[in-house]
Amino acid sequence: MLGCFFNSLKTPGESQKRDENLLEETYLLANGVKIPKIGFGTWMIADNAAAATAVHEAIDAGYRHIDTAEAYGNEVGVGEGVRAAGIARQDIFVNTKLAAEIKEHDAAVKAIDESLQKLNLDYIDMMIIHAPKPWAKYDEPDRYFEGNLEAWRALEEAYKAGKLRAIGVSNFDPTDLKNLLDHAEIAPMVDQVLAHITQTPFKTIDFAKQHHILVEAYSPFGHGEMFKNQAIQQMAEKYHVSVAQLGMRYLLQLGLLPLPKTVKPEHMKANAEIDFEINETDMSTLEHMKPLTDYGQYQSFPVYSDRLS
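Quick caveat, the model's predicted, so the values are computed rather than measured.

Student: Is there a simple way to think about the packing of aromatic side chains in this case?
Tutor: Any aromatic ring pair is given by two values, namely how distant the centres are and how the planes are angled relative to each other. Tallying each qualifying case throughout the model produces 4 aromatic pairs. Ring geometry for Phe 221 and Phe 227: centres 5.6 Å apart, planes at 35°, overall tilted. The exposure class of Phe 221 is buried, given its relative accessible area of 10%. On the basis of relative accessible area, Phe 227 is assigned to the partly exposed category, the value being 36%. The aromatic ring of Tyr 123 is capped on one face by Arg 89, whose charged end is 4.2 Å from the ring centroid. If you follow Arg 249 out to its NZ or CZ, it ends over the ring of Phe 276, 5.9 Å from the centre.

Here it is in structure tokens:
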């Protein structure tokens, strides 16, 4: 299990201030590309106008990493928000996702070009396979090894052509990752997975780390369900921070890249104001908290009902 990176505090529970702006900090991907440590998620902002506004406001708040997907239906709006923000293109990291249903080379090639067209950008910083299985067949035994290799080959080609600066996957467990590591030409640079306090897939995280794959954490607040946990609330109070801020610091101390989502500018700013450290004892407590078993209205989504280990 991953240990925490920051272990020193003056006294347990006392916030130790850090002179840093995490929105300006980066991780280094295996191919040498820098990726901002915190991203802005756009899932369920389906209206393009709303997505454009949210992305523009996130960039105004300091975010330089924007995450979208073909399946979100908002790539047009995300691209508009990026272009309208007044920030140099090379200073914004844009990630999108190849639809989970695409498990064939030519269809993947077409989808990549369509995402470029919808985003209306000269290149995409990263594109990832949204899931190892089509969503409608997520509970079936077929792991789509060949289909994922075909889709991955299209991503490799786009990467070599300069259309994409990095490529990766999402919701892949060690078995799915090993399929690409063993048979593909280029290893995945990122695996984006469900991860938050009470749901941290350490087996997948550790495997990815061993193979120099950065893990991104979507739904870092468990779609709000984490806020209802009294033990987490008490831990946040101990550090004089919000539950959201505690959740963000937890993921960063595990070396993960969190992708918070909100349409409220005040929350955008607060989510990144995490200039404190969680001590080693408390990190261990958070790592071993009882898993969340009910995601409320989101429980029907496959990634919440069938979580990675």
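Student: Got a minute to help me understand the sheet that holds strand 8 (residues 190–194) in this structure?
Tutor: Through backbone hydrogen bonds, the strands of a sheet pair up, either in parallel or in antiparallel fashion. The sheet built from 8 strands is open, its strands ordered 3-4-5-6-7-8-9-10 with parallel pairing. Among the strands making up the open sheet, the edge pair consists of strand 3 (40–41) and strand 10 (257–259). Strand direction decides the pairing type here: strand 8 and strand 9 (residues 214–218), joined by 5 bridges, are parallel. Bridge assignment links Val 193 to a residue of strand 9, and that residue is Ala 217.

Student: Help me understand the pairing of strand 8 in this model?
Tutor: Each regular strand shows side chains that alternate between the opposite faces of the sheet. Of all 5 residues in strand 8, 5 are buried, a share of seventy percent or more. Pairing analysis gives 2 bridges linking strand 7 (residues 164–170) to strand 8, with the strands arranged parallel. When the sheet's bridge partners are listed, Ser 170 is paired in strand 8 with Gln 192. One crossover worth recording links strand 7 to the parallel strand 8 by way of helix 5 (residues 174–183), and it is right-handed.

Student: Sorry, what's going on with the UniProt feature "active site" (unreviewed entry) in the protein chain here?
Tutor: With numbering matched to this structure, UniProt assigns "active site" (unreviewed entry) to Tyr 72. Note on placement: Tyr 72 falls in the loop between strand 4 (65–67) and helix 2 (75–84). On the basis of relative accessibility, which here comes to 12%, the residue Tyr 72 falls in the buried class. Here Tyr 72 is in contact with Thr 42, Trp 43, Ala 46, Asp 67, Lys 97 and His 130, once residues within four sequence places are set aside.

Student: Help me out: how do you make sense of the UniProt feature "site: Lowers pKa of active site Tyr" (unreviewed entry) in the protein chain in this one?
Tutor: Look at the UniProt record and you will see "site: Lowers pKa of active site Tyr" (unreviewed entry) annotated at Lys 97. Looking at where Lys 97 falls in the secondary structure, it is placed in strand 5 (residues 93–98). Apart from residues no more than four positions distant in its own chain, Lys 97 is found in contact with Asp 67, Thr 68, Ala 69, Glu 70, Tyr 72, Met 127, Ile 128, His 130 and Gln 192. Polar contacts involving the side chain of Lys 97 include one to the side chain of Asp 67, which spans 2.6 Å.

Student: Sorry if this is basic, but what is going on with the environment of Ala 195 here?
Tutor: Relative to the elements of secondary structure, Ala 195 occurs in the loop between strand 8 and helix 6 (202–210). Judged by its relative accessible area of 0%, Ala 195 is buried. Contacts of Ala 195, omitting those with residues within four sequence positions, involve Pro 201, Ala 217, Tyr 218, Ser 219, Pro 220, Leu 251 and Leu 256.

Student: Looking at this structure, I do not really get unusual backbone geometry. What am I missing?
Tutor: Residues other than glycine predominantly adopt negative phi, and peptide bonds predominantly adopt the trans conformation. Unlike most non-glycine residues, Tyr 144 shows phi in positive territory, near 55°. Following the sequence through the fold, Tyr 144 ends up in the loop between strand 6 (124–129) and helix 4 (145–160). With a phi angle near 65°, Asn 171 is a residue other than glycine that sits in the positive phi range. On the basis of relative accessibility, which here comes to 5%, the residue Asn 171 falls in the buried class.

Here is what the cut-offs are and how they apply
Residues numbered from 1 in each chain as written. Predicted model: local features only at pLDDT ≥ 70, side-chain atom pairs only at ≥ 80, totals over all residues. Heavy atoms only, no water. Phe/Tyr/Trp six-rings, centres within 6.5 Å; stacked < 30°, edge-to-face > 60°. Buried < 20%, exposed > 50% of the residue type's maximum accessible area, 1.4 Å probe, protein only. Lys NZ or Arg CZ within 6 Å of the ring centre and 35° of its normal. Pairing = 2+ DSSP bridges. Helix = DSSP H or I, 4+ residues; strand = E, 2+ residues; numbered from the N terminus. Right-handed = clockwise from strand over helix to strand, strands pointing away. UniProt positions renumbered as here; feature names shortened; annotations may be inferred. Contact = heavy atoms within 4.5 Å. Polar contact = N/O pair within 3.5 Å; in protein donor to acceptor, adjacent residues only side chain to side chain.

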